[in-house]
Each structure stands twice: as C-alpha cells, then as structure tokens.
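Each chain is listed here by its residues.
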Amino acid sequence: MPSEDLTRDMKRTVGIEAARMVGQGDVVGLGTGSTAEFMIEELGRRVREEQLDIVGIPTSFDASVLARGNGIPAGTLDDVDRVDIAVDGADEVDPAMNLIKGRGAAHLREKIVDSMAERFIVIVDESKLVQWLGTKSPVPLEVLPMAVRPVMRAVEAMGGEPVLRMAVHKDGPVITDQGNMVVDARFDGIDDPGEMERTLNNIPGILENGLFVGLATEVLVGRITGEGRIEVERRT
C-alpha cells in the first residue's frame, strides 16, 4: 500500500493534469474532496498567472470557499446555460467508468453538475479502481430527515446494510449543504449499477444516491510505476 505522501502525490498529479484540460472561456464544474482540491488550486494558479478566463460552478460549500480563495470566479447554475467540463474525484471506479461518489456528502449537487457537463473528467489514485462497485465503499444516499427510518428499512429489504452517517468533529449526524441526512448503504457487490441507481432513487425520501452510471467521459488515474515514479493513465 502506498504511503500517505505517495497517495497525496498521486492525487496532486492527476489534479494538476485535469486542470490543464480546462480551456479559455470554459464553464467548469468544481468537484469536492481532497483530489479535486489540487485541481482547484492549479486552476487558481492558471487564472492568476495565465489570465485564464473561466467561471467555476462549485458542487459544495467547501468547493465554493476554495474556489474564491484561489481567485476563481464562482457562479451558480442560474448564471450559466452550459457546463463545458466538470472535474471531480470518486470513491470507486469500475472498468466501465461507473462510479461511487459521496464520501464528502456532496453527491446530489455533484450529480446535477456532472450530468450537465459536456466532459466529465474523473480524477483518482489507483486505490480507487475496483472490479465491481461496492467492493470497498457503501453507496451514500441523501435522505430527507423525516424519511431516514423508512429509507433504512427499504434498503434492508433490498439486502443492503444501511448506516446513518454520523459527524466526526461534532455531535449528531452529518448534514448536507441542502439540510438533509446521509445514509450509507453497503451491498455485497453491485452487479447492475444502473438498475441499482434507479431502484434506490425510486424509494420515497431518497433525493439522490452516489451511483454515477454512464456519466464519466474520461478517468485520469494516478499510478506508481516500478521505478517509483508517478504516471497518469487515461481511460476513455
């Protein structure tokens, strides 16, 4: 297993590479999480030093703060009529480029922005590659607070193991930017991500789930070579 420093370097490498793919005048979906953070920082450098003219559409409050702190003009979907490119990380990526996202509890806004993008670039280190979704990560569900218990019972009826996500540095559950709760649903492998995505979203009370099926147009994977160097593998 790579050290924390090597993992951070892989994330930085793919984040910088993705930022280089943004063009002049682009409307850019700004992802959430540790890998997307490197991309946003590099975009900010390009805005300052290369006079890159872009509009960022943050997918979370955290991404909005980070964008503004790096000098990236930030807007909302009310301000634009398109998203040219979205860049974000993922918790798992399968061979068909389907994803599980939502460890940062921003998957509802991420899916809205990413689904609008002409190009959706996923940036991950090699530890996020899996043969089947659900191998390592549960599927995050954004749930209306009043529906948490009914949703958990419905997930159990599907054979899943639901857990209400609790905050780490505060008492109580995690609350999303939209004021909802997150239920993490663990399944013993997901044979048909598309069917699972549709089934979960048909449960009343679930606003969105963390399965991103058929949305990614390209995946940038940070890998460590036999010589200990970091390279970027492109998947399309």
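Fair warning: this is a prediction, and the values are worked out from it, not measured in the lab. (Residues numbered from 1 in each chain as written. Predicted model: local features only at pLDDT ≥ 70, side-chain atom pairs only at ≥ 80, totals over all residues. Heavy atoms only, no water.)

Among the nonpolar cores identified, the biggest contains 22 residues, and V139, L141, V143, V151, F187, L200 and L211 are the most heavily contacted of them. If you list the elements that add at least two residues to this core, you get β7 (139–143), α5 (148–157), β9 (181–186) and α6 (193–201). Here the element with the most residues in this core is α5; it accounts for four residues. When residues no more than four places from it in sequence are discounted, the contact partners of L141 are H107, V151, V155, M181, V182, V183, A185, L200, I206, E208 and N209. (Core = buried A, V, L, I, M, F, W, Y, C linked by side-chain atoms within 4.5 Å. Buried < 20%, exposed > 50% of the residue type's maximum accessible area, 1.4 Å probe, protein only. Helix = DSSP H or I, 4+ residues; strand = E, 2+ residues; numbered from the N terminus. Contact = heavy atoms within 4.5 Å.)

Describing an aromatic ring pair means giving the distance of the ring centres and the angle of the ring planes. Applying the stated criterion across every chain yields a total of zero aromatic pairs. Of note, K101 hangs over the ring of F212, and the distance from its end group to the ring centre comes to 5.6 Å. We note K111 situated over the ring of F212; from NZ or CZ to the ring centre the distance is 5.0 Å. (Phe/Tyr/Trp six-rings, centres within 6.5 Å; stacked < 30°, edge-to-face > 60°. Lys NZ or Arg CZ within 6 Å of the ring centre and 35° of its normal.)

Let us look at the sheet that holds strand β4 (residues 92–93). Remark on secondary structure: sheet strands pair via backbone hydrogen bonds, oriented parallel or antiparallel. On the basis of which strands lie adjacent, the open sheet formed by three strands has the order β4-β5-β11 and antiparallel pairing. Single-partner strands in this sheet number two, and they are β4 and β11 (211–212). Here β4 runs beside strand β5 (residues 99–100); their pairing, made up of two bridges, is antiparallel. The residue bridging V93 from the neighbouring strand is L99, located in β5. (Pairing = 2+ DSSP bridges.)

Further remarks concern the pattern of salt bridges. Taken as a whole and assessed by the stated rule, the structure comprises 22 salt bridges. The salt bridge partner of D81 is R82, with a shortest N-O separation of 3.8 Å. Of the residues examined, D81 reaches a relative accessible area of 69% and is grouped as exposed. Using a relative accessible area of 38% as the deciding quantity, one classes R82 as partly exposed. In this structure, K101 engages D88 in a salt bridge whose closest nitrogen and oxygen atoms are separated by 3.0 Å. (Salt bridge = Lys/Arg side-chain N within 4 Å of Asp/Glu carboxyl O.)

Turning to a nonpolar patch on the surface, a few remarks are in order. There is a patch of nonpolar side chains on the surface, built from L144, M146 and L207 and spanning about 310 Å² of accessible area. Looking at where M146 falls in the secondary structure, it is placed in the loop between β7 and α5. The exposure class assigned to M146 is exposed, which follows from its relative accessible area of 76%. (Patch = residues over 30% accessible without salt bridge, like charges linked within 9 Å, V, L, I, M, F, W, Y side chains within 5 Å. Areas by Shrake-Rupley, 256 points an atom, 1.4 Å probe, with all protein chains shown as cover.)

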